[in-house]
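Residue-level structural notes
Read off the chains here:
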Amino acid sequence: MSYLRFEKALMTNLEESLSRELLRTNRSGAYSCSTIVDCNTRKYHGLLVVPVPELDDDNHVLLSSLDVTVVQHGAEFNLGLHKYQGNNFSPKGHKYIREFYCDKVPTTIYRVGGVLLKKEVVFQHYEHRILIRYTLLDAHSETTLRFKPFLAFRSVNQCTHENNTASREYHMADNGIKTCMYAGYPDLYMQFSKPNDFVFVPDWYRGIEYPKEQERGYEYTEDLYVPGYFEMNIKKGESIVFAGSTSEIKTSTLKHLFDKEVEDRSPRDNFFHCLVNAAHQFHNSANRAERYLLAGYPWFKCRARDMFISLPGLTLSIDEQDYFELVMKTAERGLRDFMQNKPLSVKISEIEHPDVMLWAIWAMQQYAKSAGDDKCLAMYGKLISDILSFIIEGKHPNIRVDANGLIYSDGHDKPITWMNSIINGRPVVPRSGYIVEFNALWYNALKFGAKLAKLDNSEEKSNKLEELAETCKQSFVKTFLNDYGYLFDYVDGNMMDWSVRPNMIFPVAFDYSPLSPEQKKSVLDICTRELLTPKGLRSLSPKSGGFSPVYSGAQRNYSYHQGTAWPWLGGFYMEACLKLYKRTRLSFIERQMVGYEDEMNINCLGTIPELSDGNPPFKARGAISFAMNVAEVLRTLNLLEKYSYVK
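None of the values given here were measured: they were computed from a predicted structure.

Right, let's get into the pattern of salt bridges. Under the criterion given, the structure shown has 45 salt bridges. Between Glu-76 and Arg-146 there is a salt bridge; the shortest N-O distance is 2.9 Å. In this pair, Glu-76 is assigned in strand β6 (residues 75-78) and Arg-146 in strand β13 (residues 143-155), connecting sequence segments 70 residues apart. For Glu-76, a relative accessible area of 53% corresponds to the exposed category. One salt bridge connects Glu-460 with Lys-464, and the closest N-O pair in it is separated by 3.6 Å. Within this pair, Glu-460 and its partner Lys-464 are both found in helix α11 (residues 459-480), separated by 4 residues, close to a single helical turn.

Listed below in structure tokens is the structure:
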């Protein structure tokens, strides 16, 4: 029995099936995404979505979908599904679905009378090529398949409409055609593993709707261009492979290529393997010299903070130390470019934010726990030392080390923390001054840096870092700990933010903390009472002013960090629980993980969404797959295993 499997009753119920999405990536920036019934509900959905760097930094939908029609005795049965204006769905191909499962690759079984058709989909690694294999499992008479491609050729941030600019020109290719709707775009090749007839019947399908965009308050209606259709006979037991790509392929190789790609896939047969599969989807290699981690799908690129927070969970927790080193090699180039005030030579955004370098040190600290302190010193000792010197010497444009040992950053006019939502050009949560997680990261970095300096026989440097860390520790408690037993979110002069927010969990979870065990327990207790949900920690307590737990509609930007629940924060919360209470909290943490495992088959299959509403039923919102969330759940599973074996 497959771990991810849905029967006919669910697949034919659009209220259930349309909320379940499926993501495939090629680890080079391109992806394929839709619902499990192949009805696109977002403008970001598409069968082939690729970066077009010649145009801009966006991804672009080339091939939106491919409708398949089964023809027998002159009768046509269209297996496609689109939503049109007035809540009309056509051609309602979902009613023919018998079952869907996703072991190594997503597989759909259709039954049309005596016809039993299997469809399997795979995205070729490191190529902009989607492959679909159709196998006729059973048929009692001659069967023909007709394939109708819906083309968009537009940015994922836009919708397209019928126009006279779009080119209708096409050229024959090996067992298919190539076409390009607009100048500047790559050619789209649509090819099959066997000869076929292409019938040129150009038309626009108007008024297709994307309800997820309507829910988010964006434009949600578009027209798609269909150049015609491909048609071919298929025999019982025969397989036909379709390839949609930006480059031509020799079609005689398609069947072998499909088999090879399936063989390379890891099974999604349990919670852990689903997360490993999801972790690999964030890999991105622009070329052999650069490796990145994308922040999420479908709209995020590589963001510095997300990358460093995600890196240990997405690599070290699944025994992929080599990929950690490859990403860090690319990241070090970016960090050194920034420290030397040079233009960035790598594609990493937001590297200038004050906490980014400190998260980088935290990531390397996790590497030390996996590979050993000596290996970490050899690989990253100089980088860590240079980062600490860069900050201490006042060279960072938005970090000031004060005499009290704390770091001060200005976030009045521009968001500088992970709570980065903006309305009318201003931060919704203007965190500025002494920011609690910045200073927890700072203390942790100083202590870890001192440890490595001592290991490197640099006693004088180690002592200086220890001295600064001790000053920071005393000031941290005096500045952030209030009489109610929790931590101020930030302190800026006489301004103290009393909001109960999850950022205070970090000094409880980090290896080096300025808090005493009693203070840690007090902070953890308040996080448990006011912030904990089955989907992570709330970004704001319901008892604090401005609590807005539903991330939807026109108020999305306001609600983003005002009460929504974030799974990655739950990872640090669970680490804090295990550090404070050891094995006595194992069963509690295991129960918390159930809330994350539920996500495997109710939203985007096999991964964790960006955030959830902060109140029941904790509906998933935002990006369908989020790197920090997957990373922290993997890291928690790894911690659970370690604590389970501690005697």
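Next up on the list: the sheet that holds strand β10 (residues 106-112). An order of β1-β9-β10-β11-β12-β19-β16-β15-β14 is seen for the 9 strands of this open sheet, with the pairing classed as antiparallel. Strands at the two margins of the open sheet, each flanked by one partner only, are β1 (5-7) and β14 (170-173). Here the average twist between neighbouring strands, direction ignored, is 15 degrees. Relative to strand β16 (residues 188-192), strand β15 (residues 176-179) runs antiparallel, the two sharing 4 bridges. Each residue of the ladder has a partner; that of Ile-177, found in β16, is Met-190. Here helix α4 (residues 254-264) sits on the sheet in contact with β11 (115-123), β12 (129-138), β16 and β19 (239-245), set at roughly 100 degrees to β12.

A word on a nonpolar patch on the surface. Where nonpolar side chains cluster on the molecular surface, the patch consists of Tyr-484, Met-496 and Trp-498 and spans about 360 Å² of accessible area. Along the chain, Tyr-484 falls in the loop between α11 and β28 (490-492). What makes Tyr-484 exposed here is its relative accessible area of 62%.

Let's shift gears to the nonpolar core. By size, the foremost hydrophobic cluster in this structure holds 211 residues, and its most contacted members are Ile-505, Phe-572 and Tyr-573. Formed by 10 residues, the second largest nonpolar core is a distinct cluster that contains Leu-131, Val-241, Leu-254 and Val-262.

Here we have 3 strands laid out as an open sheet, ordered β27-β28-β29, and antiparallel in their pairing. Bordering the open sheet on either side are β27 (434-435) and β29 (495-496), each of which pairs with just one other strand. Examined bridge by bridge, β27 and β28 share 2 bridges and lie antiparallel to one another. Looking across to β28, one finds that Ile-435 is bridged to Tyr-490.

One can find Ala-453 in helix α10 (residues 436-455). Beyond its immediate chain neighbours, meaning those up to four positions away, Ala-453 contacts Ser-458, Lys-461 and Ser-462.

Considering the arrangement of structural elements, one finds Gln-592 in helix α16 (residues 586-597). Filtering out sequence-adjacent residues up to four positions away, Gln-592 remains in contact with Leu-532, Thr-533, Pro-534 and Met-574.

Topologically, Ser-409 is positioned in the loop between β24 (407-408) and β25 (422-423). Within the structure, the side chain of Ser-409 is placed 2.8 Å from the backbone oxygen of Asn-398, a separation counted as a polar contact. Excluding residues that lie within four positions of it along the chain, Ser-409 makes contacts with Pro-354, Asn-398, Ile-399, Ile-416, Ser-432, Gly-433 and Phe-438.

Our focus in this paragraph is α16. For α16, which comprises 12 residues, the first-to-last C-alpha distance of 16 Å matches the rise-based estimate of 16 Å (1.5 Å per residue) to within 8%. Along α16, the residues that are buried comprise Leu-586, Phe-588, Ile-589, Gln-592, Met-593, Gly-595 and Tyr-596. End-on, the buried residues of α16 take up no more than an arc of 155 degrees, which puts them together on one face. Summarising the contacts, the buried residues of α16 are in contact with α5 (271-281), β30 (532-533), β31 (536-538), α15 (567-581) and α17 (627-644).

Counted under the stated rule, the structure contains 2 cavities of 30 Å³ or more. One number sums up the size of the largest cavity: a volume of about 310 Å³. Looking at the largest cavity, it is lined by 28 residues, and the ones nearest its centre are Asp-38, Leu-47, Leu-66, Tyr-110 and Lys-119. At the level of secondary structure, the elements contributing two or more residues to the lining of the largest cavity comprise β2 (21-25), β3 (31-35), β4 (46-51), β5 (59-72), β10, β11 and β12. Among the residues making up the lining of the largest cavity, the classes are represented as 15 nonpolar, 9 polar and 4 charged. Put simply, the second largest cavity is a space of about 80 Å³. Together, Arg-303, Arg-305, Asp-306, Trp-418, Asn-420, Tyr-560, His-561, Trp-566, Phe-626 and Met-628 line the second largest cavity. Its residues assigned to classes, the lining of the second largest cavity shows 5 nonpolar, 2 polar and 3 charged.

Now for helix α6 (residues 304-315). Across its 12 residues, α6 extends 16 Å between first and last C-alpha, which sits within 8% of the 16 Å expected from 1.5 Å per residue. The buried count for α6 comes to 12 of 12 residues, which makes it a mostly enclosed element. Along α6, the residues classified as buried are Ala-304, Arg-305, Asp-306, Met-307, Phe-308, Ile-309, Ser-310, Leu-311, Pro-312, Gly-313, Leu-314 and Thr-315.

Quick look at the packing of helix α7 (residues 321-339) against helix α9 (residues 373-392) now. Each pair of packed helices can be summarised by the angle the axes make with each other and by the distance between the axes. Taken N-terminus to C-terminus, the directions of α7 and α9 make an angle of 25 degrees; their axes are 12 Å apart at the nearest point. In this view, α7 runs roughly parallel relative to α9, as classed from their interaxial angle. As for how α7 packs across α9, the hand of that crossing is left-handed. Here α7 contributes Gln-321, Phe-324, Glu-325, Met-328, Glu-332, Leu-335, Arg-336, Phe-338 and Met-339 to the contact with α9, which in turn contributes Lys-375, Met-379, Tyr-380, Lys-382, Leu-383, Asp-386, Ile-387 and Phe-390. Considering only residue class, the contact of α7 with α9 consists of 10 nonpolar, 1 polar and 6 charged.

Calculation rules
Here, residues in each chain are numbered from 1, in the same order as that chain's written sequence. Owing to the predicted nature of the model, reporting of local features is limited to residues with pLDDT of at least 70; listing and counting of side-chain atom pairs is limited to 80 or more, with chain, interface and lining totals taken over all residues. Values reported for side chains reflect all heavy atoms of the structure, with hydrogen atoms and water molecules removed beforehand. For salt bridges, the criterion is a side-chain nitrogen of Lys or Arg within 4 Å of an Asp or Glu carboxyl oxygen. The helix count covers DSSP runs of H or I at least four residues long, the strand count covers runs of E at least two residues long, and both are numbered beginning at the N terminus. Buried means the residue's accessible area, taken with a 1.4 Å probe over protein chains only, is under 20% of the maximum for its type, while exposed means over 50%, and partly exposed covers the values in between. The criterion for strand pairing is that DSSP finds at least two bridges linking the strands in question. Comment: axis = line fitted to C-alpha atoms, over the contacting stretch for helices; angle = value between 0 and 180 degrees taken between N-to-C directions. The contact criterion used is simple: two residues touch if any of their non-hydrogen atoms lie within 4.5 Å. By definition, no residue in a patch forms a salt bridge, and every one has over 30% relative accessible area; like charges are joined within 9 Å, nonpolar side chains (Val, Leu, Ile, Met, Phe, Trp, Tyr) within 5 Å. The Shrake-Rupley method, run with a 1.4 Å probe sphere, supplies the accessible areas, and residue values consider only the shown protein chains as cover. The set of buried Ala, Val, Leu, Ile, Met, Phe, Trp, Tyr and Cys residues whose side-chain atoms join them within 4.5 Å is what this entry labels a nonpolar core. Throughout this description, a polar contact denotes any pair of N or O atoms lying within 3.5 Å of each other; where both atoms belong to protein, one of them has to be capable of donating a hydrogen while the other can accept it, and for residues adjacent in sequence the pair is counted only when both atoms sit in side chains. Here the expected span of a helix is defined as 1.5 Å times the quantity of residues minus one. Working note: the arc is built from the helix axis to C-beta atom directions. Buried and open spaces are told apart on a 1 Å grid over the protein atoms alone, a cavity being a set of points where a 1.4 Å probe fits but cannot get out and a pocket being an open set with protein on both sides within 12 Å along at least five of seven lines. Residues with an atom within 4 Å of a point are the lining residues. Grid points are joined across faces, edges and corners, and a volume is the space filled by probe spheres set on the points. We call Asp, Glu, Lys and Arg charged. Ala, Val, Leu, Ile, Met, Phe, Trp, Tyr, Cys and Pro are nonpolar, and the rest, Gly among them, are polar. Comment on the angle field: the value is read as roughly parallel under 35 degrees, roughly antiparallel over 145, roughly perpendicular from 65 to 115, and oblique elsewhere. Handedness of a crossing follows from how the near helix is turned relative to the far one, being left-handed for an anticlockwise turn of less than a right angle and right-handed for a clockwise one.

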